[in-house]
Amino acid sequence: MMSILKLPRGRELDLSQPHIMAVLNVTPDSFSDGGSHTSYDSAVNKALELLNHGASIIDIGGESTRPGAPDVTLEDELNRVIPVIKALRGQSDCVISIDTSKAIVMKKAVEAGADIINDVRALQEPNALKTAAGLNVPICLMHMQGQPRTMQNSPQYDNLISDINDFFAQRIDACEKLGIDKKQIILDPGFGFGKTLAHNYEILNKIDAFKTLGCEVLAGLSRKSMIGNLLNRDTNERLAGSLAGALIAAQKGAKIIRVHDVAQTSDVLTVWQACEKGLDNKGNLNVG
Ligand code: 7PM
C-alpha cells in the first residue's frame, strides 16, 4: 500500500513509515484556570516540545471520552480547542489533528488550522459526515461499541475482528458516498472502547487484519487499562507496557501510534527502524 495523506495547503504526510501522534490534552484538568492566555501558551509550548521529541502529529482534544466522563458542551469544547489550534498554527507548520465528534468543532478547528479529523464516533453524530466531507482533510474513523459512559459493561462480539471490520466497511462506504477519498481515511480499532482485556489483546495481535480494507491503521493504547489491568499498574506506571504495545502495533503495520510518552516511543520506534532499514556509514537511517 502506497499511502500519502493529503493535508491542507498542499502539505502531505507520508505513511510509508510509522508516525507518532502526540496526545495534547486541553480538558479542564489541564486548564484549571478555565482558559487564560497563560494556559494556551503552555499548551503551545508543550506541543512544540512534543514535536521536538519526535511527534509528527499533535492531537488536540477538548472532550473527555473516558468511561463515565460527563458530556462536554459545544461552547466549552470550542473554547478549549480553537484558541490552542490558532496559537499552535501561528508558531508551527506541524500536523494538527482535532479529536472531536461534533460537526461544528470539526469545521471551526479546520478553519483555525487543524489538518486531520480524529473522531472516536466515526462521523456518526449529527452533520459530522457531511461537514467532514466538505472540509477535505484526512479522517480517522475509530470503532467503539456502545457509548463512553457504559461501553465497558460486559462488551460482547459475535466475531471480534470481523464485527469491527464490518463496521469499518460500512463507515468507509458512507464516507465514499459523500465523496471522501478512501486514501484519506485512517482506521482505528479503538482500544478500550467497548472491549474486554482479552478483546484488546486479540485486536493488538491481529491489527493487520484491519488493513485488508485498504486504509492505514492508527493504534492508541498508551497508558490505557489494557496495560494497567494486565500488569496491575497505576496510570503513572504504564510506560514500559505502553512502549511494548506501541512497538507491537507498529511491527504489525499500524502507521500512526497515538501516545502520551513521545520521547520514549520515538526511541523505541527508531531502534526498530534502524534494525529494519539499516544505517548508512554516517549512522543515518537508510531511506525507503
Ligand atoms: C481517559 C481514558 C482519558 C481514555 C482519555 C482516554 C483514542 C482516541 C482517546 C484512541 C483515537 C486516551 C483516551 N483514545 N482517539 N482518543 N484512538 N483515534 O487514552 O484510541 O487518550 S481518549
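Residues numbered from 1 in each chain as written. Predicted model: local features only at pLDDT ≥ 70, side-chain atom pairs only at ≥ 80, totals over all residues. Heavy atoms only, no water.

Participant: Go over unusual backbone geometry with me, naming the residues and quoting the values.
Facilitator: In this structure, Ala122 takes a positive phi of about 50° despite not being glycine. Mapped onto the fold, Ala122 is located in the loop between strand 6 (116–119) and helix 4 (128–135). For Asn232, which is not glycine, the phi dihedral falls at a positive 60°. Along the chain, Asn232 falls in the loop between helix 7 (225–231) and helix 8 (239–251). (Helix = DSSP H or I, 4+ residues; strand = E, 2+ residues; numbered from the N terminus.)

Participant: Could you give me a rundown of the packing of aromatic side chains, with the residues and numbers involved?
Facilitator: A complete count under the given rule lists 2 aromatic pairs for this structure. For the ring pair Phe167 and Phe168, a centre distance of 6.2 Å and an interplane angle of 55° mean the geometry is tilted. For the pair Phe167 and Phe168, a shared accessibility class is recorded, and that class is buried. Centroid distance Phe168 to Phe210: 5.7 Å. Interplanar angle 90°. Geometry classified as edge-to-face. Residue Phe168 is found in helix 5 (residues 160–177), and its partner Phe210 is found in the loop between helix 6 (197–205) and strand 9 (216–220); the two are separated by 42 residues along the sequence. Phe210 matches Phe168 in its accessibility class, with the two residues each being buried. Put simply, the rings of Phe167, Phe168 and Phe210 pair up and form one aromatic cluster. (Phe/Tyr/Trp six-rings, centres within 6.5 Å; stacked < 30°, edge-to-face > 60°. Buried < 20%, exposed > 50% of the residue type's maximum accessible area, 1.4 Å probe, protein only.)

Participant: Account for the environment of Arg11, naming residues and giving values.
Facilitator: With respect to the element layout, Arg11 can be found in the loop between strand 1 (4–6) and strand 2 (12–14). Taking the C-alpha atoms as reference points, Arg11 and Asn153, separated by 142 residues in sequence, lie 42 Å from one another. Leaving out residues up to four positions away in the same chain, Arg11 has contacts with Leu5, Lys6, Arg89, Asp93, Cys94, Val95 and Asp115. In this structure the side chain of Arg11 is engaged in a polar contact, spanning 3.0 Å, whose partner is the backbone oxygen of Pro8. For Arg11, the side chain forms a polar contact with the main-chain oxygen of Asp93, separated by 3.2 Å. (Contact = heavy atoms within 4.5 Å. Polar contact = N/O pair within 3.5 Å; in protein donor to acceptor, adjacent residues only side chain to side chain.)

Participant: How would you explain the nonpolar core if you had to name every residue and give the values?
Facilitator: A general feature of soluble globular proteins is that nonpolar side chains tend to end up buried together. The biggest cluster of nonpolar side chains holds 72 residues, and the ones touching the most others in it are Ile58, Ile60, Ile85, Leu123 and Ile257. A per-element tally of this core places helix 5 first, with 8 residues. With residues up to four places along the chain from it excluded, the contact list for Ile85 reads Ile60, Ile96, Ile98, Ala109, Ala112, Gly113 and Ala114. One finds Leu13, Ile116, Leu218 and Ile256 within the second-largest nonpolar core, a separate group that totals 12 residues. (Core = buried A, V, L, I, M, F, W, Y, C linked by side-chain atoms within 4.5 Å.)

Participant: Tell me what's going on with the side chain of Arg171, and back it up with residues and numbers.
Facilitator: Secondary-structure assignment places Arg171 in helix 5. An unpaired buried charge is present at Arg171: no salt bridge exists, and Asp119, the closest side chain of opposite charge, is 7.1 Å distant. Not counting chain neighbours up to four residues away, the residues in contact with Arg171 comprise Ala122, Leu123, Gln124, Leu129 and Leu141. (Lys, Arg positive; Asp, Glu negative; His and termini not counted. Salt bridge = Lys/Arg side-chain N within 4 Å of Asp/Glu carboxyl O.)

Structural measurements only, silent on function.
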